Amino acid sequence: MKLEKKVIASEDANEIIEQTRSILSQLKNGDGVEVSTTVDPTPALQDLLDNNWGEFDWHPLERGANSYRFALIKLDTPSPNMTIREFMSRGHVWCDDLYAEMEAVALEGDVEATKQLFSSFELAMLQHFDMEENVLFAELENRGVLPTGMGPLAVMRMEHDQMKGVIHQMSQAATNSDTNGITSLGETLIILIQQHNVKEEDIVYAMATQSLATEQGIVLKKMMIQ
Ligand SMILES: [Fe+2]
Ligand SMILES: [Fe+2]
């Protein structure tokens, strides 16, 4: 998705909240923007979670010392009752799209653009793993829906570690400006991701959607703030 770029120059949390609200309110359904700030925009995310629930997706693109970027997408149709399966499956598509965008510029030989897109892809993947391991899987384990240390969640965590290993190698290739290294490791990673995501969507997300039905909104908000 090609995103229009917006800059919020203020460092004041309330001003960032106001401007983020206004950006979302001006977006057409299905459209998105890339927003840059110089301070952590998490308060603005919290504000949207409190006041505009079910209207948007928010994806971090950069979390630097003084440099933050995030994608803010207005959903096609407001979905206040979105399920864990819907939300997390959209996360899979988002990561796949970021990868495809990076691969395209890598094949064109644009080293700097590849490095920047790789770093957003890496952030998106690691955030997605955190949402699952720290919130979703933990909820399922704590409630005894699925066991700890064995069964589907143990397999998912093991596959995450495997994928994190490949992403780490890709990150080293990016440091060395080795775009060929990134894309050849990427081919391995994409296969791992595809196999993993099918299992997750069909088994883990499906079970979570069923067994956490009444607390779905709370669990989703916890994941989104990761
Ligand atoms: Fe996963
Ligand atoms: Fe996932």
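**Re the overall build of the protein**
Working step 1: Counting its secondary structure elements, the protein contains 7 helices and 4 strands.
Working step 2: Taken from the N to the C terminus, the helices and strands of the protein come in the order β-α-β-α-β-β-α-α-α-α-α.
Working step 3: What you see for the protein is a C-alpha radius of gyration of 18 Å, in line with the 17 Å of a compact globule of 226 residues.
Working step 4: In terms of its C-alpha atoms, the protein occupies a principal-axis envelope of roughly 45 × 45 × 30 Å.
Working step 5: By sequence separation, contacts in the protein at least 24 residues apart represent 71% of the contacts at least 6 residues apart.

**Digging into the environment of Leu 212**
Working step 1: Mapped onto the secondary structure, Leu 212 falls in the loop between α6 (179-211) and α7 (216-224).
Working step 2: On the basis of neighbour counts, which here come to 20 C-beta atoms within 10 Å, the residue Leu 212 falls in the buried class.
Working step 3: Between the C-alpha atom of Leu 212 and that of Arg 143, which follows or precedes it by 69 residues, the distance is 9.2 Å.

**As for the domain arrangement of the protein**
Working step 1: According to the domain assignment, the protein contains domain 1 (4-74) and domain 2 (84-224).
Working step 2: Once you take the C-alpha centre of each, domain 1 and domain 2 turn out to be 22 Å apart.
Working step 3: Taken together, the 8 residues of domain 1 in the interface contact 9 residues of domain 2.
Working step 4: A breakdown of the residues in the side of domain 1 that touches domain 2 according to their chemical character gives 4 nonpolar, 1 polar and 3 charged.

**Observations concerning the packing of helix α1 (residues 13-26) against helix α2 (residues 42-51)**
Working step 1: Relative to each other, α1 and α2 sit at 50 degrees, their axes nearing to 8 Å. Here α1 lies oblique to α2, going by the angle between them. As α1 packs across α2, the resulting crossing turns out to be right-handed. Between α1 and α2, the residues in contact are Ala 13, Ile 16, Ile 17, Thr 20, Arg 21 and Leu 24 and Pro 43, Ala 44, Asp 47 and Leu 48, respectively.
Working step 2: Within the contact of α1 with α2, the residues separate by chemical class into 7 nonpolar, 1 polar and 2 charged.

**Comments concerning the sheet that holds strand β2 (residues 32-37)**
Working step 1: Taken in spatial order, the 4 strands of this open sheet run β1-β2-β4-β3, and their pairing is mixed. A single partner strand is all that each edge strand has here, and the edge strands are β1 (4-7) and β3 (56-63). Going from strand to strand, the sheet's axes swing by 25 degrees on average, the running direction of each strand aside.
Working step 2: Bridging between β3 and strand β4 (residues 68-74) involves 7 bridges; their strand directions are antiparallel. Paired with Asp 57 across the bridge in β4 is Ile 73.
Working step 3: Packed onto the sheet, α1 meets β1, β2, β3 and β4 and runs at close to 165 degrees relative to β2.

Rules used throughout
- Residues numbered from 1 in each chain as written.
- Chains lettered and ligands numbered in written order.
- Predicted model: local features only at pLDDT ≥ 70, side-chain atom pairs only at ≥ 80, totals over all residues.
- Helix = DSSP H or I, 4+ residues; strand = E, 2+ residues; numbered from the N terminus.
- Rg over C-alpha atoms; globule rule 2.2 N^0.38 Å.
- Contact = placed C-beta atoms within 7 Å.
- Buried ≥ 20, exposed ≤ 12 C-beta atoms within 10 Å, placed from the backbone.
- Domains from an automatic or database assignment.
- Nonpolar A, V, L, I, M, F, W, Y, C, P; charged D, E, K, R; others polar.
- Axes fitted to C-alpha atoms, helices over the stretch in contact; angles between N-to-C directions.
- Parallel < 35°, antiparallel > 145°, perpendicular 65-115°, else oblique.
- Left-handed = near helix turned anticlockwise from the far one by under 90°.
- Pairing = 2+ DSSP bridges.

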